[in-house]
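# Structural overview
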Amino acid sequence: MVPCAHCGQDCGNIPMHFEDKPFCCDGCVLVFRILKEKNLEQYYEIMPSPGIKIEKTETGSKYAFLDNEEFSSKLLSFSDGGISKITLFIPAIHCSSCIWLLENLSSLHPGIMSSFVNFVRKEVNVTFRESEISMRQLVELLHSIHYIPELTFEKGEKDDYQKVNRRYLMKIGVAGFAFGNIMLLSFPDYLPGGEQIDRILRSTFGYVAFVLALPVFLYCSSDFYLSAFKSIRKKIINIDLPISLGIIALFMESSYEIFSGHGNGYMDSLAGLLFFMLIGRWYQGKSFQSLSFDRDYKSYFPVAVTRLKEAVEEFVQLKDLKEGDLILVRNQELIPADGVVFEGEGNIDYSFVTGESVPVVKKQGDAVFAGGRQTGTGIKIRIKKEVAQSYLTQLWNEDRMSNKQSHAMQKIVNHVSHYFTIIILFIAAAAGIYWAFDDIGKAVYVFSSVLIVACPCALALTIPFTFGSLMRVFGRNGFYLKNTDVIEKIAKADTIVFDKTGTLTHSRSMKAQWEGTPLIGNEKEMIVSVARNSTHPASITICDSLACKGTSVVKNFAEIPSMGISGNVDGNTILIGSYRFVAGKDQEEKGTTTVVYVSVNHAIRGFFRIENSYREGLENVISSLKFHELHLLTGDNNSEKSNLEHYFQGNHQLHFNQSPTDKLDYINLLKQNNKHVIMIGDGLNDAGALLQSDVGITIADDIYHFSPACDVILESGKFWKLHQFLRFTKNSLWIVYASYTISFLYNIVGLTFAVQGLLSPVIAAILMPISSITIVAFSTSSIALLSRQKKM
């Protein structure tokens, strides 16, 4: 056999050759040439023969309907400013090479900006420029490399799951029916004197058992065979291979005994084995579906949006936002749902959605999409579609900007699981050979029991269920994690860096006192109109201190991080910020409060003296984190240094007048010194530092401060629990280690009994899912118990 260099299948007697490599067909040659021309040969290095055999099909006008905007628009999840985004279901996704290639589609065509694969759902999210590649051309490109998308205009995810669920239940029903009836026919064999039954009747019972076992062997076991076959074809050994071998061995030995007249075999064991294993798989599937449902639809971010009701601003949770609501979106705030611009001019940055940071100008009546970030003067938006929380969660998890690595524990488990199967095959073969010298029937019995009872599934379930349960507990307590990878990183962190304003201080509890020339005429109105476009805590405090609506139109609004804000109101230039920003020169600040200066038409009118209010429980949080190395980075001056030194006692480092770039460089320096860094900020002037740290935590007040750069969102009201959350992640690692220990002990004890012939395949099949259920129960109950002890 000569394997194809692309798909691994037999090339036949006369293989095709290209660059001294054998191929089975023109299609495989074509895909190989495309990948080589685009310097994507690494596709073949990740896994051997990762491709799929190409059928000779021409697309022709097959996808011509996608040129019709009426059809294509239904498939798009986003389209604005010449950039579109589509999610395609591709059944052919099956390995790491598929993921690598599909996430490098931009190398195949310059019009493709980015692509992201959801391996579990076999979906790829593609962002592309319509001026360079149409949707039809994109689909035809995927077809040419044999990743053929299934195009549907109705969302059928729920129906697909129900269909898979029904299929599993059907197989469980067939196996259960066969198991019950075969057990009834085999009942005499388990009773004293059963050997006295008429030989013809015994043979008849055996033939009936064979007929009943056939659908179990052919239909109920098909998923195991298919999985094993695919793994062998890709030169990989997975857990379904030994299970399949055990099933085949039992069926063949039992068939031989029935038709040779030596007995009725182990058809009852075979049917029972499949019945209990299918129940175990069904249970695992339901458990994962439950975790996925909770993650996608119930973990609402702890943020609110400003809704306008009869010209009055009110803060509402995202989940309470309804179609038709009018909302205010300030500078640097995300648009939470699709809508149209009702008032103002938008400059929408869609980098969170598409990766493209060039703002798109939007005027009154123009459509805007969820995930865009307003830059400039605040705008009013009329909501046209309710918040799709799962869509925002998906965008957050696509993680376009981050290069953070997945946790190492899962990689170790995957490595162990691979060799685990090989070792089990060796033990089963050795035990089978040993018993074959005494009793061939007993040898098959032992061989099957060893293959069935040993299972690395419990190892694979430990991290998803332990960390998944922890995410659920954290979510209920206002600590929202992007994904389970974050938990291990938090547990291993040794350095914590804090921002000050909006992180250690509470914006709604800050007080501002005006000092300077009394504000006359409409100066208060102009100052509030400019300040309300910013989400900075100082701006919010100034708005609260001046009892004005601030509804004047602001033009040319700008916000410079760590400096200040500016805008033009009715021809008057308003500057609000540091003395350097307002006056153009430095001035030494005295006192223990933050000072924000104001100028009108470049004449300084005075300043707001802002008394910071530190968050509840700050002193306890800082003292409880004494085993971490603590740092403070703030863009404010050192006027509050003495206050902060009261909290940061000991060998902790405080740094003032830090720009966003300074904060980023500081995080990089810590990481160069092999520190595992958690950065805690508000996402305004520290997005780069949040992104560069190992874990970025954003503090969310009652405004829409969600930052795509963060890994965790912490409700501001739960800040006092911060040290408890961090400690809980370390406890969860011990639960994982304990689960691993239980799993290994189960396999050792089970194998000990199986190789001695003291464990039947049916009991092995019962123990196999029980081991998984035990791990799931132990992990979830341990997390629940710890959460109760910590009063979470």
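Residues numbered from 1 in each chain as written. Predicted model: local features only at pLDDT ≥ 70, side-chain atom pairs only at ≥ 80, totals over all residues. Heavy atoms only, no water.

### Looking at the overall build of the protein chain
Within the protein chain one finds 25 helices and 28 strands. Within the span of the protein chain, comprising 792 residues, buried residues form 52% of the whole. Residue pairs at least 24 apart in sequence account for 68% of intrachain contacts in the protein chain once pairs closer than 6 positions are excluded. Accessible surface computed for the protein chain: about 35600 Å², of which carbon and sulfur atoms make up 55%. (Helix = DSSP H or I, 4+ residues; strand = E, 2+ residues; numbered from the N terminus. Buried < 20%, exposed > 50% of the residue type's maximum accessible area, 1.4 Å probe, protein only. Contact = heavy atoms within 4.5 Å. Areas by Shrake-Rupley, 256 points an atom, 1.4 Å probe, with all protein chains shown as cover.)

### Here's the deal with the pairing of strand S27 (residues 695-700)
Judged by how many residues are buried, S27 sits mostly within the fold: six of six residues are covered. Side chains Val 695, Ile 697 and Ile 699 of S27 all project onto a buried face; the interleaved residues Gly 696, Thr 698 and Ala 700 project onto the opposite face, where all are buried too. Direction of pairing for strand S26 (residues 677-681) relative to S27: parallel, over a ladder of four bridges. Each bridged residue has a counterpart across the sheet, and for Gly 681 the counterpart in S27 is Thr 698. In terms of strand pairing, S27 meets strand S28 (residues 712-715) through four bridges, oriented parallel. For Ile 699, the partnering residue across the bridge sits in S28 and is Leu 714. (Pairing = 2+ DSSP bridges.)

### Let's talk about the confidence of the model for the protein chain
Model confidence for the protein chain is summarised by a mean pLDDT of 79, while 79% of its residues fall at 70 or above. Contacts of residues 155-160 to residues separated by more than four positions or lying in other chains number one contact, the stretch itself having pLDDT below 50. Every residue in residues 293-300 is under pLDDT 50, and counting partners more than four places away or in other chains gives 19 contacts. (pLDDT = per-residue confidence, 0-100.)

### Focus: the sheet that holds S26
Taken in spatial order, the seven strands of this open sheet run S16-S28-S27-S26-S17-S24-S25, and their pairing is mixed. A strand with exactly one partner marks an edge of an open sheet, and here the two such strands are strand S16 (479-481) and strand S25 (653-655). Sheet twist, expressed as the mean angle between neighbouring strand axes with direction ignored, is 20°. Judged from the three bridges that link them, S16 and S28 form a sheet pairing that is antiparallel. Bridge pairing in S28 places Leu 481 opposite Val 712. Together, S16, S26, S27 and S28 form the strand contacts of helix H16 (residues 485-492), whose direction differs from that of S16 by roughly 115°. (Axes fitted to C-alpha atoms, helices over the stretch in contact; angles between N-to-C directions.)

### Here's the deal with the sheet that holds strand S11 (residues 346-349)
Pairing is antiparallel in the open sheet, where three strands are placed in the order S12-S11-S14. In the strand order of this sheet, the two ends are held by strand S12 (360-362) and strand S14 (373-374), each with one partner. The pairing of S11 with S14 spans two bridges and is classified as antiparallel. Residue pairing across strands places Asp 349 opposite Arg 373, the latter belonging to S14.

### Notes on the side chain of Thr 495
Tracing the backbone shows Thr 495 in strand S17 (residues 495-498). Judged by relative accessible area, which is 0%, Thr 495 ranks as buried. At 3.0 Å, the side chain of Thr 495 and the side chain of Asp 494 are in polar contact. (Polar contact = N/O pair within 3.5 Å; in protein donor to acceptor, adjacent residues only side chain to side chain.)

### Comments concerning the packing of aromatic side chains
For any pair of aromatic rings, geometry is given as the distance between the ring centres together with the angle between the planes. A complete count under the given rule lists 18 aromatic pairs for this structure. Ring centres 5.3 Å apart and planes at 55° place the aromatic pair Tyr 597 and Phe 607 in the tilted group. One end of the pair, Tyr 597, is in strand S22 (residues 594-600); the other, Phe 607, is in strand S23 (residues 603-611), and ten residues separate them in sequence. For Tyr 597, a relative accessible area of 6% corresponds to the buried category. (Phe/Tyr/Trp six-rings, centres within 6.5 Å; stacked < 30°, edge-to-face > 60°.)

### Let's talk about the pattern of salt bridges
Evaluation of the coordinates by the stated rule reveals 15 salt bridges. In this structure, the salt-bridge partner of Glu 515 is Arg 609, at a minimum N-O distance of 3.0 Å. Separated by 94 residues along the polypeptide, Glu 515 in strand S18 (residues 511-516) and Arg 609 in strand S23 bring together distant segments of the chain. The class for Glu 515 is partly exposed, based on a relative accessible area of 27%. According to the relative accessible area criterion, Arg 609 is partly exposed, its value standing at 25%. The partner of Lys 675 in a salt bridge is Glu 629, with the nearest N and O atoms 3.1 Å apart. Of this pair, Lys 675 sits in the loop between helix H22 (660-672) and S26 while Glu 629 sits in strand S24 (residues 629-633); the two residues are 46 residues apart in sequence, bridging distant segments of the chain. Owing to a relative accessible area of 26%, Lys 675 belongs among the partly exposed residues under this scheme. Residue Glu 629 is classed as partly exposed on the basis of its relative accessible area of 27%. If you follow the salt bridges from partner to partner, you end up with Asp 67, Arg 136 and Glu 140 in one network. (Salt bridge = Lys/Arg side-chain N within 4 Å of Asp/Glu carboxyl O.)

### As for the nonpolar core
Of all hydrophobic cores here, the largest spans 51 residues; its most connected members are Ile 182, Ile 247, Met 267, Leu 270, Leu 273, Leu 274 and Met 277. Per-element tally for this core: the top contributor is helix H10 (residues 267-298), with eight residues. Look past the residues within four positions of Ile 182 in its chain and what remains in contact with it is Ala 209, Leu 212, Ala 213, Met 267, Asp 268 and Ala 271. In this structure, Phe 474, Leu 644, Ile 678 and Val 695 belong to the second largest nonpolar core, which totals 46 residues. (Core = buried A, V, L, I, M, F, W, Y, C linked by side-chain atoms within 4.5 Å.)

### Details of the environment of Pro 537
Counting through the fold element by element, Pro 537 comes out in helix H18 (residues 537-545). Classification of Pro 537 as buried rests on a relative accessible area of 2%. In sequence terms Pro 537 and Asp 682 are 145 residues apart; their C-alpha atoms lie 9.7 Å from each other.

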